[in-house]
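Next come the chains, spelled out residue by residue.
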Amino acid sequence: MWYMNEEREQLAKMAHDFAESEIRPFVREMEEHDAFPTEIIRKAGELGLIALMFPEQIGGMGPKWVESGLMLEEFGKVSNCVANAFASIHAGCALILQTGNADLIQKVVIPAMMGTVVTASAQSEPTGGTRLDDFTCTASVENSEIVINGGKIFCTNAGHADYYTINCKTKEPYAAPFGNHTLVLVEKDTPGFKVGHIENKIGWHGSSTGQLYFNNCRVPMSNIIATFDMDEKMVAAGAFSVSILMGAAALGTAEGVFEKALAYAKERKHGDESIYDKYQAMRHRFAELKMEIELLRGLVYGVLADLDNGNYNVNIPAVAAKVKGAEICEHVASECIALCGGNGTIVENDFERYLRDAKMNCTAGMSVHHLTDMIADWLR
Ligand SMILES: Cc1cc2nc3c(=O)[nH]c(=O)nc-3n(C[C@H](O)[C@H](O)[C@H](O)COP(=O)(O)OP(=O)(O)OC[C@H]3O[C@@H](n4cnc5c(N)ncnc54)[C@H](O)[C@@H]3O)c2cc1C
């Protein structure tokens, strides 16, 4: 591939070996007991894999975008859920990094990069993930402390995170220098903060998605990550990094289920021949799916290479990688189930997990319709 070199081949092999030895044996545990991949995250941190997504200035190895994509692609081949857990580590730290608060970088971002703490980013409320004006979770200032009241829903890593980044509406009257939103860090076990119901989802078992409650929860002013006048445009501007990482994970998931189904079709006999050799219609369906995967690969690595070259003007293709990644990996997984006949539908054969996990990509990290609407807006 045009974006590969010897160093990247080695990195991809390392990520592949890690996925096979650390992630694959844990998949059943995640499926059956909703087990959280704490140990996988810790080991990836220890090996320096998470550091690929973080800048050298804070002890990271990059950000190396193509390498980060290769890692998430390899993880996604085995588990879309685990691959996205790594994308959400990046999302949980991105705003702290962007605002450059040295104390919070030391306290949160560096340990997250080393895999020793888990972060979460809570924005969504019952009124909708990005309907910022409707947020009811508020932050106010009392006695030189931030006081948080309200709740959040659908927070990834709820109950497992050590640190939560909470997007609050600044309570009227705005106290200078606050804008209409205050982004604040809350540590687990802070009095007044409670994790509520953990959702039972169709896919991404092992990724905990839950509700958060704040009842006069007080944190020091030093926990303020940022205060700003936030609107949908700001949300959109931040969408590209998580979108492209989710696109890379979706690429891996499409490849993972494709390879598994192809191997099955080459092995399954009708008479003396494999179903792959016997039926031209089947070979063409595999060829069509392969073309979709290669289209997605071109898009994902084109954006990642642009980012490595310092071109951050990639909002549309990055968001497209997430939207098309969600579509393609769901389509590939669904077709692969059909191509494997009855055995494709058996839970133990592990095709249907790819489809259920693929479906999660259409909503988590902003809905594909909303992202498409954002692209339409950029085209105005
Ligand atoms: C597994 C999972 C993990 C998540 N993790 C997090 C997290 O860590 N932090 C966090 O803050 N949030 C998280 N979310 C929330 C997620 O971002 C929201 O679910 C998503 O933004 C959609 O919001 P909503 O559920 O309120 O649906 P709604 O916004 O009510 O959407 C309902 C329908 O309207 C469509 N729609 C919405 N807006 C538009 C638009 N502008 N144009 C066209 N159609 C539109 C949607 O596509 C959908 O079909 C997570 C969600 C899931 C499922």
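Counting from 1, residues in each chain are numbered in the order their sequence is written. Only residues with pLDDT of at least 70 are given local features in this predicted model, and only at 80 or more are side-chain atom pairs given and counted; all residues enter the totals for whole chains, interfaces and linings. Each side-chain value is worked out from all heavy atoms of the structure, with water and hydrogens disregarded.

**Comments concerning the overall build of the chain**
Summing up its helical and strand segments, the chain has 13 helices and 10 strands in all. Here the chain has a C-alpha radius of gyration of 21 Å; the compact-globule value for 380 residues is 21 Å, and the two agree. Projected onto its principal axes, the C-alpha positions of the chain cover 80 × 45 × 40 Å. Contact between two residues is taken to exist if any of their heavy atoms lie within 4.5 Å; hydrogens are not considered. A fraction of 72% describes how many contacts in the chain between residues 6 or more apart in sequence connect residues 24 or more apart. Helix numbering and strand numbering both begin at the N terminus, where a helix is a DSSP run of H or I of at least 4 residues and a strand a DSSP run of E of at least 2. Taken over C-alpha atoms, the radius of gyration is set against a globule rule of 2.2 Å times the number of residues to the power 0.38.

**Quick look at the site of the ligand**
Proximity is defined per residue: if any heavy atom of the residue lies within 4 Å of a molecule or strand, that residue is considered near it. Taken together, 20 residues lie around the ligand, and Gln123, Phe154, Thr156, Ser367 and His369 are the ones closest in. Polar contact is defined as a pair of N or O atoms within 3.5 Å, subject to the rule that within protein one atom must be able to donate a hydrogen and the other to accept it, and that residues adjacent in sequence are counted only when both atoms are side-chain atoms. In the environment of the ligand, an oxygen atom lies 2.6 Å from a nitrogen or oxygen atom belonging to the side chain of His369. Separating a nitrogen atom of the ligand from a side-chain N or O atom of Asp373 is a distance of 2.9 Å. Taken by itself the ligand offers 960 Å² of open surface, and the protein chains cover 66% of this. The protein chains shown are the only cover counted for residues, whose accessible areas, like all others here, come from Shrake-Rupley with a 1.4 Å probe.

**Regarding the domain arrangement of the chain**
When the parts come together, some accessible area is lost, and that loss is often what is quoted as the size of the interface. Segmentation of the chain into domains, including their bounds, is taken from an automatic or database domain assignment. Assigned domains of the chain: these are domain 1 (6-117), domain 2 (120-230) and domain 3 (234-378). Distance between the C-alpha centres of domain 2 and domain 3: 32 Å. Counting residues at the interface gives 11 residues for domain 2 and 11 residues for domain 3. Defined in terms of a 1.4 Å probe, buried area is the accessible area two parts forfeit on being brought together, summed over both. Of the roughly 880 Å² buried where domain 2 meets domain 3, counting both sides, 78% is carbon and sulfur surface. At the junction of domain 2 and domain 3, the tally comes to two residue pairs in polar contact (both at pLDDT 80 or more). Classification used: nonpolar for Ala, Val, Leu, Ile, Met, Phe, Trp, Tyr, Cys and Pro, charged for Asp, Glu, Lys and Arg, polar for all others including Gly. Counted by class, the side of domain 2 that touches domain 3 contains five nonpolar, four polar and two charged residues.

**Structural notes on the pattern of salt bridges**
For this analysis, a salt bridge means a side-chain nitrogen from Lys or Arg found within 4 Å of a carboxyl oxygen belonging to Asp or Glu. Tallied over the full model, the rule gives 27 salt bridges. Residue Glu22 is joined to Lys43 by a salt bridge in which the shortest nitrogen-to-oxygen separation is 3.0 Å. Here Glu22, found in helix H1 (residues 6-33), pairs with Lys43, found in helix H2 (residues 38-46); they are 21 residues apart in sequence, far enough to count as distant. The exposure class of Glu22 is partly exposed, given its relative accessible area of 24%. Among the salt bridges present, the one from Asp350 reaches Arg353, with a minimum N-O distance of 2.7 Å. The rule is simple: take the accessible area with a 1.4 Å probe, protein chains only, and divide by the maximum for that residue type; under 20% is buried, over 50% is exposed, in between is partly exposed.

**So, the packing of aromatic side chains**
Within 6.5 Å between ring centres, the rings of Phe, Tyr and Trp (the latter by its six-membered ring) count as paired, and their orientation is classed by plane angle as stacked under 30 degrees, edge-to-face over 60, tilted in between. For the coordinates displayed, the defined rule picks out nine aromatic pairs. Ring-pair connections join several aromatic residues into one group, and the members of that group are Trp2, Tyr3 and Tyr301. Positioned above the aromatic ring of Phe351, the side-chain terminus of Lys260 is 4.8 Å from the ring centre. Ring-over charges, as used throughout, are those where CZ of Arg or NZ of Lys falls within 6 Å of the ring centre and within 35 degrees of the ring normal. A cation over an aromatic ring shows up here: Lys266 above the ring of Tyr276, its NZ or CZ 5.6 Å from the ring centre.

**Description of the side chain of Ser207**
The residue Ser207 is located in the loop between strand E6 (193-198) and strand E7 (209-220) in this model. Dropping the residues within four chain positions of it, Ser207 is found in contact with Asp34, Cys81, Thr156 and Lys201.

**Considering the nonpolar core**
Put simply, buried Ala, Val, Leu, Ile, Met, Phe, Trp, Tyr and Cys residues joined by side-chain atoms within 4.5 Å make one nonpolar core. Counting residues in hydrophobic clusters, the biggest one holds 113 residues, and the most contacted among them are Phe75, Phe86, Ile148 and Ile166. Phe75 has contacts with Ala15, Phe18, Ala19, Ile23, Leu49, Ala83 and Phe86, leaving out every residue within four places of it along the chain.

**Details of the environment of Ala94**
The topology assignment puts Ala94 in helix H4 (residues 80-99). Sequence-wise, Ala94 and Ser121 are 27 residues apart; in three dimensions their C-alpha atoms are separated by 9.7 Å.

**Here we look at the packing of helix H3 (residues 65-78) against helix H7 (residues 239-267)**
Convention adopted: a line fitted to C-alpha atoms gives each axis, helices being fitted over their contacting stretch, and angles between N-to-C directions are expressed from 0 to 180 degrees. Following both chains from N to C, one finds H3 and H7 inclined at 40 degrees, their axes separated by 7 Å at the closest point. By the criterion of interaxial angle, the relationship of H3 to H7 is oblique. In terms of crossing hand, the pair formed by H3 and H7 is right-handed. Contacts between H3 and H7 involve Trp65, Ser68, Gly69, Leu72, Glu73, Gly76 and Lys77 on the former and, on the latter, Ser241, Ile244, Leu245, Ala248, Ala249, Leu251, Gly252, Thr253, Glu255 and Gly256. Tallied by class, residues from the contact of H3 with H7 come to seven nonpolar, seven polar and three charged. Under this scheme an angle from 65 to 115 degrees is roughly perpendicular, one under 35 degrees roughly parallel, and one over 145 degrees roughly antiparallel; angles in between are oblique. Less than a right angle of anticlockwise turn of the near helix away from the far helix marks a crossing as left-handed, whereas a clockwise turn marks it as right-handed.

**Here we look at the environment of Gly344**
Its location among the elements puts Gly344 in helix H11 (residues 341-344). Once the C-alpha coordinates of Gly344 and Ala333 are considered, the two residues, 11 residues apart in sequence, prove to be 9.9 Å apart. Ignoring sequence-local partners within four residues, the contact set of Gly344 consists of Ile337, Phe351 and Glu352.

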